[in-house]
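# Architecture and fold: a report
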Amino acid sequence: MIEKIVARGHKNILATHKTTFEITQEQEISTRADCIIAVNANIAAMDLKEDFKRQAKKTDAIIEVLIEVGGLVEHITGKGSPQLTLSHSTDLVGRKSAFISDRTFLINSDKAAIDLDRRLVEQLKKPDTEIIITLKVK
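Structure report, in brief. From a predicted model like this one, the values you see are computed outputs, not experimental measurements.

## Points about the overall build of the chain
- Across its full length, the chain carries two helices and eight strands.
- If you list the helices and strands of the chain from N to C, you get β-β-β-α-β-β-β-β-α-β.
- Against the 2.2 N^0.38 benchmark of 14 Å for 138 residues, the chain shows a C-alpha radius of gyration of 13 Å, consistent with a compact globule.
- When each of the 138 residues of the chain is scored for burial, the buried share is 48%.
- At a minimum sequence separation of 6, the contacts of the chain that also span at least 24 residues come to 66%.
- If you average the places of the 21 positive and of the 20 negative side-chain charges in the chain, the two averages end up 3 Å apart.

Here's what the structure looks like:
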């Protein structure tokens, strides 16, 4: 099951958070939002297809994230969980930990915002940049 998200870059993206990364539908962010890697996303957790949600909630679900921007590609892998609610109205959050909230779509991630290639992060800081994020659950 695959979901495609289209989002934009933003001048205040820092991508320095050590345990999470976030995709948001919000259009404006401050530099305090150091986990955000994309803004103005076309979907949030609650908008994910029901088939994707069902697969992500399986005990053995593996979720892969592919971030494509400016000719660069970043891969992130983590797990799903039966405890995921996937109900937040504006955000999607991936976490290195097993903590779950309504924004969480991925736990036990192998990367957080700080771990992203800094060349990719420079592209994420450009407001006119289109970011394609593919979510795949196995």
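Let's pick the thread back up.
## Some thoughts on the pattern of salt bridges
- Going through the model one piece at a time under the given rule, you end up with nine salt bridges.
- Notably, a salt bridge pairs Lys111 with Glu74, separated by 2.4 Å at the nearest N-O pair. One end of the pair, Lys111, is in the loop between strand S7 (104-106) and helix H2 (118-124); the other, Glu74, is in strand S5 (residues 72-79), with 37 residues separating them in the sequence.
- The class of Glu74 is buried, set by a relative accessible area of 6%.

About the criteria used
Residues numbered from 1 in each chain as written. Predicted model: local features only at pLDDT ≥ 70, side-chain atom pairs only at ≥ 80, totals over all residues. Heavy atoms only, no water. Helix = DSSP H or I, 4+ residues; strand = E, 2+ residues; numbered from the N terminus. Rg over C-alpha atoms; globule rule 2.2 N^0.38 Å. Buried < 20%, exposed > 50% of the residue type's maximum accessible area, 1.4 Å probe, protein only. Contact = heavy atoms within 4.5 Å. Lys, Arg positive; Asp, Glu negative; His and termini not counted. Charge placed at Lys NZ, Arg CZ, Asp CG, Glu CD. Salt bridge = Lys/Arg side-chain N within 4 Å of Asp/Glu carboxyl O.

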